[in-house]
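Listed here are the chains, written in short residue letters.
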Amino acid sequence: MTDEAVQDIERYVSARLGYAQVSLTDSWEAVLSAVLSGPAVLVIDGFDRAVLIDTRSYPARSIAEPDLEKVTRGSRDGFVETLLFNANLIRRRIRSTGLCFAMHSVGTESKTDVALAYLEGSVNKELLKKLSDTLDSLHVSSLTMGTKSLEELLLPKRWWNPLPAFQITERPDVACSYLAEGHILVLVDNSPVVLVLPCTIFQFTQNPEDYYSSPSVGTYFRLVRFLCIPVCLLLLPVFLLLTTCYPEESARLGLSATSGLSGPRLFFYVLAVEFILDLFKYSSALSSGKFSGSLSMIGGLIIGDIAVSLNWVSVEALFYGAITLLATLSISGTEFSDALRLYRIFLIVATGIWGLPGFLISLGAVLLSIATTPTFGGFSYFWPLFPFNGKALSRLLFRSPTPKAQPIKPWGRGRVKKS
């Protein structure tokens, strides 16, 4: 076959364009989308189909370990902003014929590529179909903030549900472990973050460091993180409640505040400590790595000492606030810990204004907010505690040895609820 006499376009593509990823299309919409996103389009006179030739080179940063999911041992790679590279990182770890990537396009203007990664033999087909139909039905101009924009489009939440409804990760090893358990990954082009579906509240207590340590050490630190959740949520509100409403009992428990402090004054101290510690956390997180360590340590010592000297905060409130901050930093999921911070501020304000009734009512409102957190597909946010699955719950609470870490088949969670 010569180039001057093309009689069969499919044979011509196979013979002459085998070095690149090519496809044929008869849709002008597909041709325009290809031209705008980078692939070249070859149009041959006499044929009603165009040839799409993907010869793009992808600008990308180097693959490095994510800052928020560091481990002392294990791989040092992480997802980047290029979807093709992220798919290769997953394929490198799971070399199975059942690994599938279903492509979708979201956004009338941006036409952002979104890929659903799953294992054919273990995925929940109902959840996969619901997710695919939802992606195809989205009406939005562009995904301005990448994965976060898609997350809010997939599952709109009310303002009183601050807890995250999607598990996110930037580590390929974590993503592949979820794939092996029957989960679905959502990869968005231009975003290094991967969504994991379905999601439960217990997933935010997991950390890859658990599996790079021995089972006993991993179990210990996992239980420590579980303990940090009530400490993060309740320590400062309970301290404020006991010292203002029950000073004698709080003195016996060692939670006493400086003598002479009135309820409103201590309330102001606790709010000031909450604000100061949050200010240190975010300023050190957003500053350059060269200064973040010294800024958080030296700045904390100097400002804390001056604040106590000027009688702006009490030593006790600063101490319990520091413990709360340490407990918050030990929780793996940043979105989860930030939601707990909002709950804690709500508890502090209600307790400071209304005392014991305010604490009880606000605590009930917090528990109601947690219980009504929606999930994609309508699965229980508290699985495997409700509905109860003893084996799955033990795997979440305790770090199991590798032969028992993954179930033989995916855990059943019931049917997908229709919205």
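So, a few notes on the structure that sits alongside this text. (Residues numbered from 1 in each chain as written. Predicted model: local features only at pLDDT ≥ 70, side-chain atom pairs only at ≥ 80, totals over all residues. Heavy atoms only, no water.)

Moving on to the pairing of strand β5 (residues 112-119). Where burial is concerned, most of β5 is hidden: seven out of the eight residues are buried. Pairing between strand β4 (residues 99-106) and β5: eight bridges, direction antiparallel. Considered in β5, the bridge of His-104 is made with Val-114. Counting the residues in the hairpin turn of β4 and β5 gives five residues, including Gly-107, whose phi is positive at 105°. Strand direction decides the pairing type here: β5 and strand β7 (residues 184-188), joined by four bridges, are antiparallel. Following the sheet pairing, Ala-115 is matched in β7 by Leu-187. (Buried < 20%, exposed > 50% of the residue type's maximum accessible area, 1.4 Å probe, protein only. Helix = DSSP H or I, 4+ residues; strand = E, 2+ residues; numbered from the N terminus. Pairing = 2+ DSSP bridges.)

Moving on: the sheet that holds strand β3 (residues 50-54). Read from one edge to the other, the open sheet built from three strands follows the order β1-β3-β2, with strand pairing classed as antiparallel. This sheet does not close on itself; its edge strands, each paired only once, are β1 (21-25) and β2 (40-42). Between one strand axis and the next, the sheet turns through 25° on average, direction left out of account. Bridge analysis of β2 against β3 gives three bridges, and the strand direction is antiparallel. Its bridge partner lying in β3, Val-41 is registered against Leu-52. Strands β1, β2 and β3 of the sheet are contacted by helix α1 (residues 9-16), whose axis makes an angle of about 170° with β1. Against the sheet, helix α2 (residues 28-37) contacts β1, β2 and β3, and its axis sits at roughly 25° relative to β3. (Axes fitted to C-alpha atoms, helices over the stretch in contact; angles between N-to-C directions. Contact = heavy atoms within 4.5 Å.)

Time to look at the packing of aromatic side chains. This model, assessed by the stated rule, comprises eight aromatic pairs. Summarising the aromatic geometry, the rings of Tyr-220 and Phe-221 are spaced 5.1 Å apart at their centres and angled 70° between planes, so their arrangement reads as edge-to-face. When its relative accessible area of 45% is taken as the criterion, Phe-221 is described as partly exposed. For the ring pair Phe-319 and Tyr-320, a centre distance of 5.2 Å and an interplane angle of 65° mean the geometry is edge-to-face. Taken together, Phe-239, Phe-319 and Tyr-320 form an aromatic cluster joined through their ring pairs. Here the basic side chain of Lys-130 rests over the ring of Phe-376, its NZ or CZ set 5.7 Å away from the ring centre. (Phe/Tyr/Trp six-rings, centres within 6.5 Å; stacked < 30°, edge-to-face > 60°. Lys NZ or Arg CZ within 6 Å of the ring centre and 35° of its normal.)

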